[in-house]
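Chain and residue survey
As a plain string of letters, each chain reads:
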Amino acid sequence: NFSPRAVLEYDVLPNALAYASYSEGYKSGGFNSFGLSPAFEEEEVRAFEIGVKTELLEGRLRLNAAGFTYDYSNLQVRLPVPTGGVNIVNAGAAKAWGLELEASLLVTDRLRLDGNIAFLNTELVRFDTLQVPEDLMYLLGAPIPLQPVSAAGNELTRAPEISFFASLQYALDLGKDFEGLFELAWRYQDEVYFLETNQDRNTFKGGSANRLDLRFAVHPHQGAWDAALYVNNLTDDRSITQVTALGSYPNAAISPPRQYGVEFSYRW
């Protein structure tokens, strides 16, 4: 496969860079281990991106922005097999476009703020598939009747329309020999679909998710080690991160609960 990439950059101002890029990507085809489906074809994508990168306020403020589009052909999709396992099939065409904004501000020599937000729009252009009926009640051991549907116009799976990240870092002076670093980070993700059929029942759709992390690290001014205390998912927010099928029955993966611990690292 020949997958070219070209990038054009232009210095608009001494501290502002504009760019545009075009690239192609490729994922090999193959054969399925389960079911009777034929081999699936290779997946290809064409991507365009334009953006700007800036540094302002004598380098204390960094602002970046980018817009992009993806055009997929023969998109590879994982579908469950009623007898167990999954098949990979080609969904035809799909497209996506989005916008990303990023900022980093050094408020003082000790306080730094970072953040980014992403907007994403995705669409299946062509895809005929099967789905579990909306009103189906699962009976253990009973066969699951599937109905043919068109997924054209639906969103891609695990593709949140909005995602957000913000962090605060504050450096502490702990005497002439040591320095501390306090970090607070927050992540947010909008609701997502887990199936290309975009069914709204909770079995196949994930709600919005939040995660708040805390960390306090200590390291010497002259030394190669770090010691830190951390708490991940401080609010103990639990959400479904993925739904797969085992014998056509939905199986969910859940995000980790609140976790805390001690971390030590050494660099040489």
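Look a little higher up for the structure.
What counts and what doesn't
Residues numbered from 1 in each chain as written. Predicted model: local features only at pLDDT ≥ 70, side-chain atom pairs only at ≥ 80, totals over all residues. Heavy atoms only, no water. Helix = DSSP H or I, 4+ residues; strand = E, 2+ residues; numbered from the N terminus. Rg over C-alpha atoms; globule rule 2.2 N^0.38 Å. Buried < 20%, exposed > 50% of the residue type's maximum accessible area, 1.4 Å probe, protein only. Areas by Shrake-Rupley, 256 points an atom, 1.4 Å probe, with all protein chains shown as cover. Lys, Arg positive; Asp, Glu negative; His and termini not counted. Charge placed at Lys NZ, Arg CZ, Asp CG, Glu CD. 1 Å grid on protein atoms, 1.4 Å probe; cavity = no way out; pocket = protein on both sides within 12 Å on 5 of 7 lines; lining within 4 Å. Points joined across faces, edges and corners; volume = space filled by probe spheres on them. Nonpolar A, V, L, I, M, F, W, Y, C, P; charged D, E, K, R; others polar. Contact = heavy atoms within 4.5 Å. Core = buried A, V, L, I, M, F, W, Y, C linked by side-chain atoms within 4.5 Å. Pairing = 2+ DSSP bridges. Axes fitted to C-alpha atoms, helices over the stretch in contact; angles between N-to-C directions. Salt bridge = Lys/Arg side-chain N within 4 Å of Asp/Glu carboxyl O. Phe/Tyr/Trp six-rings, centres within 6.5 Å; stacked < 30°, edge-to-face > 60°. Patch = residues over 30% accessible without salt bridge, like charges linked within 9 Å, V, L, I, M, F, W, Y side chains within 5 Å.

With respect to the overall build of the chain
Within the chain, the secondary structure is distributed over zero helices and 19 strands. Scaling as 2.2 N^0.38, a compact globule of 268 residues should have a C-alpha radius of gyration of about 18 Å, whereas the chain reaches 23 Å, well beyond that. Of all 268 residues assigned to the chain, the portion counted as buried reaches 29%. Approximately 16800 Å² of the chain is accessible, and the part contributed by carbon and sulfur atoms is 57%. Averaging the positions of the 21 positive and the 34 negative side-chain charges in the chain gives two centres separated by 5 Å.

Quick word on the layout of surface pockets
Once rolled over the atoms, a probe with the size of a water molecule shows which space is left empty. Here the second largest pocket defines a volume of roughly 370 Å³. Residue assignment for the lining of the second largest pocket shows that the elements contributing at least two residues are strand S12 (178–189), strand S15 (209–220) and strand S17 (240–246). Residue composition of the lining of the second largest pocket, by class: seven nonpolar, 10 polar and four charged.

Some thoughts on the side chain of Asn233
Relative to the assigned elements, Asn233 resides in the loop between strand S16 (225–232) and S17. Note on Asn233: relative accessible area 4%, which makes it buried. If we ignore the near neighbours within four places in the chain, the residues touching Asn233 are Asn210, Arg211, Leu212, Asp213, Arg238, Pro256, Pro257 and Arg258.

Focus on the nonpolar core
Residues Val45, Tyr72, Leu75, Val77, Val89, Ala91, Ala94, Leu124, Phe127, Ala151, Leu156 and Ala159 constitute the largest nonpolar core, which totals 12 residues. Once you skip the residues sitting within four places of it in the chain, Val77 turns out to touch Asn87, Ile88, Val89, Ala91, Phe127 and Glu196.

As for the pairing of strand S1 (residues 5–13)
Sparse coverage of S1 is indicated by the burial of zero of its nine residues. Counted along the chain from S1 to the antiparallel partner strand S2 (residues 16–27), the turn is two residues long.

Quick word on the environment of Glu179
Among the secondary structure elements, Glu179 is positioned in strand S12. Residue classification places Glu179 among the partly exposed residues on the basis of a relative accessible area of 25%. Each C-alpha atom, one on Glu179 and one on His221, is 6.7 Å from the other, the two residues being 42 residues apart in sequence. Leaving out residues up to four positions away in the same chain, Glu179 has contacts with Ala171, Leu172, Leu174, Ala217, Val218, His219 and His221.

What to know about the pairing of S15
Where S12 and S15 come together, 12 bridges link them in antiparallel fashion. Across the sheet, residue Phe178 finds its bridge partner in S15, namely Pro220. The sheet contact formed by S15 and S16 spans five bridges and is antiparallel. Looking at the pairing, Arg215 lines up with Tyr230 of S16. Where S15 folds back onto S16 in an antiparallel hairpin, the turn is made up of four residues.

Considering the sheet that holds S12
Ordered in space as S1-S2-S3-S4-S7-S8-S11-S12-S15-S16-S19, the 11 strands form an open sheet in which the pairing is antiparallel. Unpaired on one side and paired on the other, S1 and strand S19 (259–266) mark the two borders of the sheet. Pairwise comparison of adjacent strand axes, ignoring direction, gives a mean angle of 15 degrees for this sheet.

Looking at the pattern of salt bridges
For the coordinates displayed, the defined rule picks out 13 salt bridges. Note that Asp71 and Arg46 form a salt bridge whose closest N and O atoms lie 2.9 Å from each other. Taken together, the positions of Asp71 in strand S4 (residues 61–73) and Arg46 in strand S3 (residues 43–56) put the pair 25 residues apart, joining distant regions of the chain. The exposure class of Arg46 is partly exposed, given its relative accessible area of 36%. In this structure, the salt-bridge partner of Arg187 is Asp213, at a minimum N-O distance of 3.2 Å. One end of the pair, Arg187, is in strand S12; the other, Asp213, is in strand S15, with 26 residues separating them in the sequence. Residue Arg187 is classed as partly exposed on the basis of its relative accessible area, which comes to 38%. Here Asp213 falls in the buried class, since its relative accessible area comes to 9%.

Structural notes on the packing of aromatic side chains
Taken as a whole, this structure holds eight aromatic pairs when the rule is applied. An aromatic cluster of at least three residues, connected via ring pairs, comprises Phe68, Tyr70 and Tyr72.

Quick word on a nonpolar patch on the surface
A cluster of nonpolar side chains, namely Leu99, Leu101, Phe119 and Ile162, defines an oily patch on the protein surface of about 290 Å² accessible area. Topologically, Leu99 is positioned in strand S7 (residues 93–106). For Leu99, a relative accessible area of 35% gives the class partly exposed.

Everything listed here is a matter of coordinates, which is why it stays silent on function.
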